[in-house]
Amino acid sequence: MCKYAISTEEEYLMNKDIDYRIYLTFLKDSTYNKNLDFRYVYNSNYYLNKNYFLGKLNISKGNLNKLIKNFLKFNLIEKDTVLNENFELKQIYRFNELNNNFVLLSDKEVEKLLTLTSNEIKTYLILRYLLADIKEKNIELGYIAKNIGLSELNTTRTIKKYIDNLKENNLIEYNYYFEFIENKNIKRYKFRIKE
């Protein structure tokens, strides 16, 4: 089973110029070089298959080019070269190594995430990262909103929609309870990653 390393660094998750659905699609169609331990996409394959990406992602050519430039700009990928099986030097987009703050996603998780929006994917990545070593945890919706670059003021409705979609796609489970604090009932959420 393939595993895909996805960054949960705050600088990426909060950045509105990085579309995680596009990045995940690009990563999913990459090749793993086990000798050098990195993933890559041949530049020629990307350009030859651009219509495939445009159809799959339902975006314009200009928007896709802009997003790829953003991946380069924010150092998620870099241009490089590699010897192919015929010992020809080929240009590639190389996915940069992630040192910390990342999660490993399975093929199954990636397939489910590709049906969601970038913010829903970011929400899942935060939950997955926070729940990496424990079965369940209380996580404030405001914390999620802040860490995906949204205002904490509109969290309840927006983040609730995201977590409901994640639950519908069998990626997470959650329940809630009320805690009485300073004469108010505060709604608390407890999350679990679906096995």
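What you see is a predicted model, and the numbers here were worked out from it, not measured in a lab. (Residues numbered from 1 in each chain as written. Predicted model: local features only at pLDDT ≥ 70, side-chain atom pairs only at ≥ 80, totals over all residues. Heavy atoms only, no water.)

Draft legend 1. Structural view of the overall build of the protein chain. In terms of regular secondary structure, the protein chain is built from 9 helices and 9 strands. In terms of its C-alpha atoms, the protein chain occupies a principal-axis envelope of roughly 70 × 35 × 25 Å. Looking at the 195 residues of the protein chain, the share that counts as buried comes to 44%. For the protein chain, contacts bridging at least 24 residues in sequence account for 58% of all contacts bridging at least 6. As presented, the protein chain carries roughly 11400 Å² of accessible surface, and 46% of it is formed by carbon and sulfur atoms. Of note, the protein chain has its 32 positive side-chain charges centred 5 Å away from the centre of its 26 negative side-chain charges. (Helix = DSSP H or I, 4+ residues; strand = E, 2+ residues; numbered from the N terminus. Buried < 20%, exposed > 50% of the residue type's maximum accessible area, 1.4 Å probe, protein only. Contact = heavy atoms within 4.5 Å. Areas by Shrake-Rupley, 256 points an atom, 1.4 Å probe, with all protein chains shown as cover. Lys, Arg positive; Asp, Glu negative; His and termini not counted. Charge placed at Lys NZ, Arg CZ, Asp CG, Glu CD.)

Draft legend 2. Examining the packing of helix α2 (residues 20-28) against helix α5 (residues 61-73) more closely. At a minimum axis separation of 10 Å, α2 and α5 run at an interaxial angle of 80°. Taken together, the axis directions place α2 and α5 in an arrangement best described as roughly perpendicular. Along the contact surface, α2 presents Ile22, Tyr23 and Phe26, while α5 presents Leu64, Leu67, Ile68 and Phe71. Along the lines of polarity and charge, the residues of the contact of α2 with α5 split into 7 nonpolar, no polar and no charged. (Axes fitted to C-alpha atoms, helices over the stretch in contact; angles between N-to-C directions. Parallel < 35°, antiparallel > 145°, perpendicular 65-115°, else oblique. Nonpolar A, V, L, I, M, F, W, Y, C, P; charged D, E, K, R; others polar.)

Draft legend 3. Fine view of the packing of aromatic side chains. Under the definition given, this model contains 12 aromatic pairs. Ring centres of tyrosine 23 and phenylalanine 71 lie 5.3 Å apart, and the angle between their planes is 75°; on these two criteria the pair is classed as edge-to-face. Of this pair, tyrosine 23 sits in helix α2 while phenylalanine 71 is found in helix α5, placing the two residues 48 residues apart along the sequence. By relative accessible area, which is 3% here, tyrosine 23 ends up buried. Ring geometry for tyrosine 176 and tyrosine 189: centres 5.9 Å apart, planes at 50°, overall tilted. Of this pair, tyrosine 176 sits in strand β8 (residues 172-181) while tyrosine 189 sits in strand β9 (residues 184-193), and the two are 13 residues apart along the sequence. (Phe/Tyr/Trp six-rings, centres within 6.5 Å; stacked < 30°, edge-to-face > 60°.)

Draft legend 4. Representation of the confidence of the model for the protein chain in the model. Looking at the protein chain as a whole, its pLDDT mean stands at 88, while 98% of the residues score no less than 70. At the low end of the mean pLDDT range in the protein chain sits helix α3 (residues 43-48), at 77; at the high end sits helix α7 (residues 118-130), at 96. (pLDDT = per-residue confidence, 0-100.)

Draft legend 5. Structural view of the sheet that holds β9. With respect to topology, 3 strands assemble into an open sheet ordered β7-β9-β8, the strand pairing being antiparallel. Of all strands in the sheet, those bounded by a partner on one side alone are β7 (136-138) and β8. Recorded for the sheet is a direction-independent mean angle of 25° between the axes of neighbouring strands. In this sheet, β9 lies alongside β7 in antiparallel orientation, the contact comprising 3 bridges. Bridge pairing in β9 places lysine 137 opposite phenylalanine 191. Relative to the sheet, α7 contacts β7, β8 and β9, its axis offset from that of β9 by approximately 80°. The sheet contacts of helix α9 (residues 155-168) involve β8 and β9, and relative to β8 the element is tilted by about 140°. (Pairing = 2+ DSSP bridges.)

Draft legend 6. Spatial organisation of the sheet that holds strand β5 (residues 89-95). Taken in spatial order, the 4 strands make up an open sheet running β2-β3-β5-β4, and their pairing is antiparallel. Where the open sheet ends on each side, the last strands, each with one partner, are β2 (31-33) and β4 (77-83). Taking the axes of each pair of neighbouring strands and ignoring which way they run, one obtains an average angle of 45° across the sheet. With 3 bridges connecting them, β2 and strand β3 (residues 38-42) associate as antiparallel partners. Each bridged residue has a counterpart across the sheet, and for tyrosine 32 the counterpart in β3 is arginine 39. Contacts between α5 and the sheet are confined to β4 and β5, with β4 contributing the most and set at about 85° to the helix.

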